[in-house]
Amino acid sequence: MTNIRKRRLSVSEYVQGILEGNRMILSRAITLVESSRPQDRRLAEQVLEEIMPHTGGSLRIGITGVPGVGKSTFLESFGLYLTGLDKSIAVLTIDPTSQKTRGSILGDKTRMEELSNDPRAYIRPSPSGKSLGGVHEKTRESMLLCEAAGFDIILIETVGVGQSEVAVEGMVDFFLLLMLAGAGDELQGIKRGIMEIADALVITKSDGDNVARSKIARRQYQNALHLFPPNKTEWYPKVLTCSSVESRGMKEIWTLIKRFEEHMKERDFFHQRRAEQNLRWLEESINCYLLEQFYQDPNIQYLYGDLKKSVSKGKLPVSAAVRKLSEAFLNR
Ligand code: GDP
């Protein structure tokens, strides 16, 4: 173990360390899957393949909401509630608004100070890359590593400001949307689509003067949700309230999540949802891979540059440009 911190680990050292729940090796494995260096990618792939049979055992929960809604405070409170039930938890955070790997708003561990000192909790910020697809591929892989390390619950947090919450919904069993009482939907940047994919809504900061307002908001959102047609799972999203600073509402949220899990498992939707997510992941990865191959090809780059000029001047139809590019790509 002396030099293990520094030297390159073998596939079996990674696998063994992860399966033993060794946090240091788990962290290194996550760094490995986050790396885009080709030799790291190959090693990461081997590690992932080996740990696959040990994945799938955790409950995956996604949490989203606009900046300031109280996500990190909620994660701290909810996380401590869960570790209090003797559950081990891994918290993965994605911050698509920041390009920085470390020191991003979500990446700051001090946001969940008490939880990060809890031995049953493991907190890991995901880096924010330029490509959304890339970030989520890595988050999915990190999630699998955490599962193999034996965590009961994986919490994936993302800022609800764009596409990232849709991507997170595509990798979790239960998707929770945090909302503020008294703020208009536009203010919260909440699109109808996001409410539709949420399995539950929680109105945060239901304490002090805000209690009455959060109760009204709860009723309003519950009514609004009734307007959406039920999806095939026949689960009707619920609206709850909580106060993270007073640690209230956590038990109700957990009970709801357990009820959801039961509902989905009884109807065989739980595994069906995961299977669909895996296939979507495969499709997205193929799309990403092909696009990358296409745009990185030097001949394509050259030809594309030329064709863009002709297309922008209206000299060449788009369809002809696409045909020329695809022929060049296929014959490369
Ligand atoms: P995030 O940006 O969504 O992660 O939000 P934070 O967790 O950083 O919280 C934003 C602000 O709301 C902070 O000033 C928190 O102290 C405050 N806050 C969070 N949760 C609660 C709560 O349950 N009650 C009250 N009164 N304030 C809260």
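Note that the structure is predicted; figures quoted are calculated from it, not measured.

### Topic: the overall build of the chain
Phase 1: Along its length, the chain carries 13 helices and 7 strands.
Phase 2: Within the chain, the fraction of its 332 residues that count as buried is 48%.

### Points about the pairing of strand β2 (residues 89-94)
Phase 1: For β2, a buried count of 6 out of 6 residues is recorded, marking the element as mostly surrounded by other parts of the structure.
Phase 2: Neither face of β2 is open: one carries Ile-89, Val-91 and Thr-93, the other Ala-90, Leu-92 and Ile-94, and all of them are buried.
Phase 3: Summarising the sheet, β2 and strand β3 (residues 121-125) pair through 5 bridges and their orientation is parallel. The residue bridging Ala-90 from the neighbouring strand is Tyr-122, located in β3.
Phase 4: One ladder, built from 6 bridges, connects β2 with strand β4 (residues 153-159); its direction is parallel. Bridging from a neighbouring strand, Val-91 pairs with Leu-155 of β4.

### So, the pairing of strand β7 (residues 238-241)
Phase 1: In terms of strand pairing, strand β6 (residues 200-203) meets β7 through 4 bridges, oriented parallel. Directly across from Val-202, in β7, lies its bridge partner Leu-240.
Phase 2: In this view, the connection linking β6 to its parallel neighbour β7 by way of helix α9 (residues 210-226) has right-handed handedness.

### Notes on the layout of surface pockets
Phase 1: Roughly 440 Å³ of internal volume is contained in the second largest pocket.
Phase 2: Lining the second largest pocket are 22 residues; nearest its centre among them are Glu-169, Glu-196, Asp-199, Asn-231 and Thr-233.
Phase 3: Residue assignment for the lining of the second largest pocket shows that the elements contributing at least two residues are α8 (192-197) and α11 (269-296).
Phase 4: Residue composition of the lining of the second largest pocket, by class: 12 nonpolar, 3 polar and 7 charged.

### Digging into the nonpolar core
Phase 1: Ile-18, Leu-145, Cys-146, Ile-156 and Leu-201 are the most contacted members of the largest nonpolar core, which has 47 residues in total.
Phase 2: Top contributing element to this core by residue count: helix α2 (residues 23-34), with 6 residues.
Phase 3: Summarising the domain contributions, this core has at least three residues from each of domain 1 (1-54) and domain 2 (55-267).
Phase 4: The contact partners of Cys-146, leaving out residues within four places of it in the chain, are Leu-26, Ile-30, Ala-90, Leu-92, Tyr-122, Phe-151 and Ile-154.

### Points about the packing of helix α1 (residues 11-19) against helix α3 (residues 38-51)
Phase 1: Two numbers describe how α1 lies on α3: the axes approach to 9 Å, and their chain directions differ by 45°. One element, α1, and the other, α3, form an angle in the oblique class. Crossing angle aside, the handedness with which α1 passes α3 is right-handed. Contacts from Val-11, Tyr-14, Val-15 and Ile-18 in α1 reach Leu-43, Gln-46, Val-47, Glu-50 and Ile-51 in α3.
Phase 2: Along the lines of polarity and charge, the residues of the contact of α1 with α3 split into 7 nonpolar, 1 polar and 1 charged.

### Overview of the confidence of the model for the chain
Phase 1: This prediction gives the chain a mean pLDDT of 87; 87% of its residues lie at or above 70.
Phase 2: For the stretch residues 99-109, pLDDT sits under 50, and the model shows 20 contacts to residues farther than four places along the chain or on other chains.

### Things to note about the sheet that holds strand β1 (residues 59-65)
Phase 1: Reading across from one edge, β3-β2-β4-β1-β5-β6-β7 is the order of the 7 strands in this open sheet, with parallel pairing throughout. Two strands close off the open sheet at either side, each with one partner strand: β3 and β7. The sheet shows a mean angle of 20° between the axes of neighbouring strands, taken without regard to direction.
Phase 2: Strands β1, β2, β3, β4 and β5 (174-179) of the sheet are contacted by helix α4 (residues 71-84), whose axis makes an angle of about 175° with β4.

### Brief notes about a nonpolar patch on the surface
Phase 1: Side chains of Leu-279, Leu-282, Ile-286, Tyr-289 and Leu-290 sit close together on the surface and give an oily, nonpolar patch of about 500 Å² of accessible area.
Phase 2: Position of Tyr-289 among the secondary structure elements: in helix α11.

### Looking at the site of the ligand
Phase 1: Lining the immediate surroundings of the ligand are 14 residues, of which Gly-68, Lys-71, Thr-73, Asp-207 and Ser-244 lie closest.
Phase 2: One of the side-chain N or O atoms of Thr-73 is found 2.5 Å from an oxygen atom in the ligand.
Phase 3: When the ligand sits alone it has 580 Å² of accessible area, and the protein chains cover 66% of it.
Phase 4: Here the residues of the shell around the ligand sort into 4 nonpolar, 6 polar and 4 charged.

Reading the values: the criteria
- Residues numbered from 1 in each chain as written.
- Predicted model: local features only at pLDDT ≥ 70, side-chain atom pairs only at ≥ 80, totals over all residues.
- Heavy atoms only, no water.
- Helix = DSSP H or I, 4+ residues; strand = E, 2+ residues; numbered from the N terminus.
- Buried < 20%, exposed > 50% of the residue type's maximum accessible area, 1.4 Å probe, protein only.
- Pairing = 2+ DSSP bridges.
- Right-handed = clockwise from strand over helix to strand, strands pointing away.
- 1 Å grid on protein atoms, 1.4 Å probe; cavity = no way out; pocket = protein on both sides within 12 Å on 5 of 7 lines; lining within 4 Å.
- Points joined across faces, edges and corners; volume = space filled by probe spheres on them.
- Nonpolar A, V, L, I, M, F, W, Y, C, P; charged D, E, K, R; others polar.
- Core = buried A, V, L, I, M, F, W, Y, C linked by side-chain atoms within 4.5 Å.
- Domains from an automatic or database assignment.
- Contact = heavy atoms within 4.5 Å.
- Axes fitted to C-alpha atoms, helices over the stretch in contact; angles between N-to-C directions.
- Parallel < 35°, antiparallel > 145°, perpendicular 65-115°, else oblique.
- Left-handed = near helix turned anticlockwise from the far one by under 90°.
- pLDDT = per-residue confidence, 0-100.
- Patch = residues over 30% accessible without salt bridge, like charges linked within 9 Å, V, L, I, M, F, W, Y side chains within 5 Å.
- Areas by Shrake-Rupley, 256 points an atom, 1.4 Å probe, with all protein chains shown as cover.
- Salt bridge = Lys/Arg side-chain N within 4 Å of Asp/Glu carboxyl O.
- Near = heavy atom within 4 Å.
- Polar contact = N/O pair within 3.5 Å; in protein donor to acceptor, adjacent residues only side chain to side chain.

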